Amino acid sequence: MSEPVLPQRFLDLAAAVRAPKELSAEGLRARFGDPAEVRLAIGQVWRARWEKISLLVLVLAIADREVNAVPVTIDPPGEDAASLVVDGDRTAFGVESTVWAGLAGPVPLRVLDRVVDLWEPDLVAWAAEMANGGTPSVPAGARQGTVPASVFDPSEEVRAELEDDLDALREAPGLPEAGTEKVVSLGALLNGLPDLPVLGAALGVPQPEVMRILRGSVPLKPGQVEAVASATGLSVDAVAKTVRPLPAALVAAAEHPRWRETWIRRAKRLGVSEGEARLSGGYGTLALAARETGGAEPDWEARLRQFLRGEDLDGSDA
């Protein structure tokens, strides 16, 4: 399940059997619209992806930064007593799909990649009730899964891999969200008398960038926390606490899957990871809003679009 090609192979298999137009890029756009304008909805099946991990999930409920979802598998086959095996004619996949209701749990919005199907309410209701410990009636065009014959049954391996993949997706780095704690800037922690050349050499950035880091207007990147700690004698924990978190509303907006393709393109353009591209974009948006709105609560969606203007929002260089 951890192979990056597997979920695409799921879609390729289904497309070859049943509905190539529905599952093609053109077909998905015709069914669900522009990915940049996508609206999350209960009953959607999404491809969730981060680095080498990728799987399909059925959305049961929606929160600000995550969905409650259950994994769905097409190939290899597998099932257990808490799963539902859905006939191919009830989905866009055209082949049997297994809903693993026993593995229901939170999936971060930031790992949702693309919506590939929308299932009917009776299938969603079955998964939700089973996940909550109920004994729902099996919908038409489906059957309840059976207990694996032994611990060596291939279904046991499928389930174990799903559990590992879900854990990995939940660990995908998210944006730092502001809480109630007060954040002290790195400059204040150093009593306003940092050795700029030493910090610049440790971080590998020019002096103007060092000044922005000291003020907290840009975040320390992965690895820079340890570099600052080594150069200043501060503890890693103390330096980490100087990173200014982002407003919760900005975090929720930036991690919405409608921005996923934008962050991926930005990462490729800048030669950084997707997490770093989103992190720097979040802080850039925060800085833009601070300059333009003063103390008023900004429209974060509008500010994201403004900051990323020219960042290839529509798939072509601006």
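The coordinates are above.
Residue numbers restart at each chain and count upward from 1, following the sequence in its written direction. Where totals are concerned, whole chains, interfaces and linings use all residues; where local detail is concerned, this predicted model gives features only for residues with pLDDT of at least 70, and gives and counts side-chain atom pairs only at 80 or more. Only hydrogens and water are set aside; all other atoms, that is, all heavy atoms of the structure, feed into the side-chain values.

A.B. asks: Which parts of the structure should I look at to understand the overall build of the protein?
C.D. replies: Counting from the N terminus, the helices are the DSSP runs of H or I reaching at least four residues and the strands are the DSSP runs of E reaching at least two. Scanning the protein from terminus to terminus reveals 14 helices and eight strands. Each residue is placed in one exposure class: buried if its accessible area under a 1.4 Å probe, protein chains only, is under 20% of its type's maximum, exposed if it is over 50%, and partly exposed if it falls in between. With 318 residues in all, the protein has 46% of them scored as buried. When contacts within the protein are restricted to residue pairs at least 6 apart in sequence, long-range pairs at least 24 apart make up 68% of them. Approximately 15300 Å² of the protein is accessible, and the part contributed by carbon and sulfur atoms is 53%. Residue contacts are defined here by distance: any two heavy atoms, one from each residue, within 4.5 Å place the two residues in contact. Accessibility throughout is a Shrake-Rupley quantity obtained with a 1.4 Å probe, and a residue counts as covered only by protein chains that appear here.

A.B. asks: I would appreciate a short explanation of unusual backbone geometry in the present structure.
C.D. replies: Negative phi is the rule for most residues except glycine; trans is the rule for most peptide bonds. Cis peptide bonds are those with omega within 30 degrees of zero, and the linkage from Asp-75 to Pro-76 qualifies with 5°. Mapping Pro-76 onto the fold places it in the loop between β3 (66–73) and β4 (83–86). In this structure, Glu-51 is a non-glycine residue whose phi angle is positive, near 55°. Along the chain, Glu-51 turns up in the loop between β1 (44–50) and β2 (53–62). You can call Glu-51 exposed: its relative accessible area is 68%.

A.B. asks: Just to check I follow, could you spell out the packing of helix α7 (residues 196–203) against helix α8 (residues 207–215) for this structure?
C.D. replies: How two helices pack is summed up by the angle between their axes together with the distance between the axes. Between N-to-C directions, angles cover 0 to 180 degrees, with each direction set by a line fitted to C-alpha atoms, over the stretch in contact for helices. Their axes nearest at 9 Å, the elements α7 and α8 cross at an angle of 95°. Relative to α8, the element α7 lies roughly perpendicular. Across from Leu-196, Leu-199, Gly-200 and Leu-203 in α7, the residues of α8 making contact are Gln-207, Val-210, Met-211, Ile-213 and Leu-214. Classifying every residue of the contact of α7 with α8 by side-chain character gives seven nonpolar, two polar and no charged. Between 65 and 115 degrees an angle is taken as roughly perpendicular, under 35 as roughly parallel, over 145 as roughly antiparallel, and anywhere else as oblique. In the scheme used here, Gly and all other residues not listed as nonpolar or charged are polar, with Ala, Val, Leu, Ile, Met, Phe, Trp, Tyr, Cys and Pro taken as nonpolar and Asp, Glu, Lys and Arg as charged.

A.B. asks: Even after reading the chapter, I still don't get helix α4 (residues 121–131), so can you show me in this structure?
C.D. replies: For an α-helix, the turn length of 3.6 residues means that residues three or four places apart are oriented alike. Listing the buried residues of α4 in full gives Leu-123, Val-124, Trp-126, Ala-127 and Met-130. Considered in projection along α4, the buried side chains sweep an arc of 160° and stay on one side of the axis. Against the buried residues of α4 lie β2, β3, β4, β5 (97–100) and β8 (142–144). Gly-133, located one to two residues past α4, shows a positive phi value of around 90°. What the arc covers is the set of directions going from the helix axis to the C-beta atoms.

A.B. asks: Would you mind going over the pattern of salt bridges with me for this structure?
C.D. replies: Note that side chains of opposite charge can pair when their charged atoms are close. Salt bridge, as used here, is a side-chain nitrogen of Lys or Arg placed within 4 Å of a carboxyl oxygen of Asp or Glu. Scanning the model with the defined rule gives 19 salt bridges in all. With its nearest N and O atoms 3.2 Å apart, the salt bridge here joins Arg-49 to Asp-113. Separated by 64 residues along the polypeptide, Arg-49 in strand β1 and Asp-113 in strand β7 (residues 112–118) bring together distant segments of the chain. For Arg-49, a relative accessible area of 25% gives the class partly exposed. Residue Asp-113 is classed as buried on the basis of its relative accessible area, which comes to 11%. Ionic pairing is found between Arg-90 and Asp-122, a salt bridge with its closest N-O pair at 2.8 Å. With Arg-90 in the loop between β4 and β5 and Asp-122 in helix α4, this pair connects stretches of sequence that are 32 residues apart.

A.B. asks: Looking at this model, I keep getting lost on empty space enclosed by the protein. Mind explaining?
C.D. replies: Regions of empty space are outlined by a rolling probe, equal in size to a water molecule, passed over the atoms. Within this scheme a cavity is a closed region of a 1 Å grid, computed over the protein atoms alone, that accommodates a 1.4 Å probe without allowing it to escape, whereas a pocket is open but has protein on both sides within 12 Å along at least five of seven lines; lining residues each have an atom within 4 Å of a point. Grid points are joined across faces, edges and corners, and a volume is the space filled by probe spheres set on the points. Tallied over the entire structure, the rule returns one cavity of 30 Å³ or more. Considering only enclosed or pocket space, the largest cavity measures out at about 50 Å³ in volume. Taken together, Leu-186, Ile-213, Gly-216, Val-218, Pro-219, Leu-220, Thr-242, Val-243 and Arg-244 make up the lining of the largest cavity. Looking at the lining of the largest cavity, its residues break down into six nonpolar, two polar and one charged.

A.B. asks: Just checking my understanding: could you explain the packing of α7 against helix α9 (residues 224–232) for this structure?
C.D. replies: Here α7 crosses α9 at 145°, and the two axes come no closer than 9 Å. In terms of crossing hand, the pair formed by α7 and α9 is right-handed. Here Val-198, Leu-199, Ala-202 and Leu-203 of α7 come into contact with α9, specifically with Gln-224, Ala-227, Val-228, Ala-231 and Thr-232. When its residues are assigned to classes, the contact of α7 with α9 shows seven nonpolar, two polar and no charged. Crossing handedness is read from the near helix: turned anticlockwise from the far helix by less than a right angle, it gives a left-handed crossing, and turned clockwise, a right-handed one.

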